[in-house]
Amino acid sequence: MGSENVEKEKSDRQVSYPAIMSIGEAASYLTISKYFLYTLVKGGFVPFVKIGKRIVFRQNDLYEWLGRNVVEPVHSITEDCEVEDDFEK
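Definitions and limits used
Residues numbered from 1 in each chain as written. Predicted model: local features only at pLDDT ≥ 70, side-chain atom pairs only at ≥ 80, totals over all residues. Heavy atoms only, no water. Salt bridge = Lys/Arg side-chain N within 4 Å of Asp/Glu carboxyl O. Buried < 20%, exposed > 50% of the residue type's maximum accessible area, 1.4 Å probe, protein only. Core = buried A, V, L, I, M, F, W, Y, C linked by side-chain atoms within 4.5 Å. Helix = DSSP H or I, 4+ residues; strand = E, 2+ residues; numbered from the N terminus. Pairing = 2+ DSSP bridges.

Visitor: Talk me through the pattern of salt bridges; I want residue IDs and the actual numbers.
Guide: Applying the stated criterion across every chain yields a total of one salt bridge. The shortest N-O distance in the salt bridge between aspartate 61 and arginine 58 comes to 2.7 Å. According to the relative accessible area criterion, arginine 58 is partly exposed, its value standing at 43%.

Visitor: I'd like to hear about the nonpolar core, residue by residue, with values.
Guide: Ranked by size, the top nonpolar core spans 13 residues in total, and within it Ala26, Leu30, Leu37, Val46, Phe57 and Leu62 carry the most contacts. At the level of secondary structure, the elements contributing two or more residues to this core comprise helix H2 (23-30), helix H3 (34-42) and helix H4 (59-68). It is H2 that provides the largest number of residues to this core, a total of five residues.

Visitor: Give a description of unusual backbone geometry that names residues and reports values.
Guide: The phi torsion at threonine 31 lies on the positive side, around 55°, for a residue other than glycine. Inspection of the secondary structure assignment puts threonine 31 in the loop between H2 and H3.

Visitor: Describe the pairing of strand E3 (residues 54-58), with residues and values.
Guide: Sheet analysis places strand E1 (residues 20-21) next to E3, joined by two bridges and oriented antiparallel. The partner of methionine 21 across the bridge, within E3, is phenylalanine 57. Two strands pair when backbone bridges link them, and strand E2 (residues 49-51) and E3 are joined in this way by three bridges, in the antiparallel orientation. Residue isoleucine 51 lies in a different strand from E3, and its bridge partner there is arginine 54. Hairpin remark: E2 followed by E3, antiparallel, with two residues in the connecting loop; positive phi at glycine 52, about 65°.

The following block contains the structure:
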């Protein structure tokens, strides 16, 4: 496959999300279910904006929220570190 085909395939998979998102768009952006996103909202775990009875999400808030919830690795892989590969069994 040529490099231009790889780049086209990459761009075909990229989805553009609006700056202000509905619950469905936000769930898709976060790659979680709408039910789980509602649970996060109800628990006060994720930033959202309430307009009357409607809940919307700002893309920047969600992106920053994701960054604050990154779990850093406990271990680092080095040359003398052996990791078991279950695929070869």
